[in-house]
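Chain residues, written in single-letter form:
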Amino acid sequence: IDADKGPEFVESATGSATVETYTVMHDRQGPTRAILFGRDSQNRRFIANTSSDASFLSELTKNDCLGANGKVRTNADGVNIFAFTD
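This write-up is about the structure you can find in this document.

Procedures and definitions
Residues numbered from 1 in each chain as written. Predicted model: local features only at pLDDT ≥ 70, side-chain atom pairs only at ≥ 80, totals over all residues. Heavy atoms only, no water. Pairing = 2+ DSSP bridges. Helix = DSSP H or I, 4+ residues; strand = E, 2+ residues; numbered from the N terminus. Axes fitted to C-alpha atoms, helices over the stretch in contact; angles between N-to-C directions. Contact = heavy atoms within 4.5 Å.

## Quick look at the sheet that holds strand β1 (residues 15-27)
- Within the closed barrel, the five strands sit side by side as β1-β2-β3-β5-β4. Their pairing is mixed. Going from strand to strand, the sheet's axes swing by 45 degrees on average, the running direction of each strand aside.
- Sheet contacts for helix α1 (residues 54-62): β1, β2 (30-40), β3 (45-50) and β5 (80-84); angle to β2, the most-contacted strand, approximately 75 degrees.

## Focus: unusual backbone geometry
- Of note, asparagine 43 is a non-glycine position whose phi angle comes to about 65 degrees, a positive value.
- Topologically, asparagine 43 is positioned in the loop between β2 and β3.

## Regarding the pairing of β2
- Taken together, the 10 bridges between β1 and β2 define a ladder with antiparallel strand orientation. Bridge pairing links threonine 18 to arginine 39 in β2.
- What sits between β1 and β2 in their antiparallel hairpin is a turn of two residues.
- Relative to β3, β2 is paired through five bridges, and the arrangement is antiparallel. Of the residues in β3, the one forming a bridge with isoleucine 35 is asparagine 49.
- Between β2 and β3, which pair antiparallel in sequence order, lie four residues; one of them, asparagine 43, sits at a positive phi of approximately 65 degrees.

In C-alpha cells:
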C-alpha cells in the first residue's frame, strides 16, 4: 500500500470534526454503537467510536449523516469518541 496516498491519518483526535463515513452496529434489541471515519479540522483522517445513546444512534440510523459536524475527543483509554455538536 502506498502510504502517501490519501489524507494523513491520526490515532488520537481532538476538536472539531466531520463525518466521512460510518456504520451502526446492532444486536437483537437494536443499534448499540457506531464506528466512524472522520476528518479533523486539519483534514486528517481518524477512526472513532460513538456513545451508545439511543437518540444519537437513531439519528445515525434514520438520517444521512455524511458530512455532519461534531467533536472528537480521545478518552482515558486512548479511544476516539465522536459526538454531534449542538
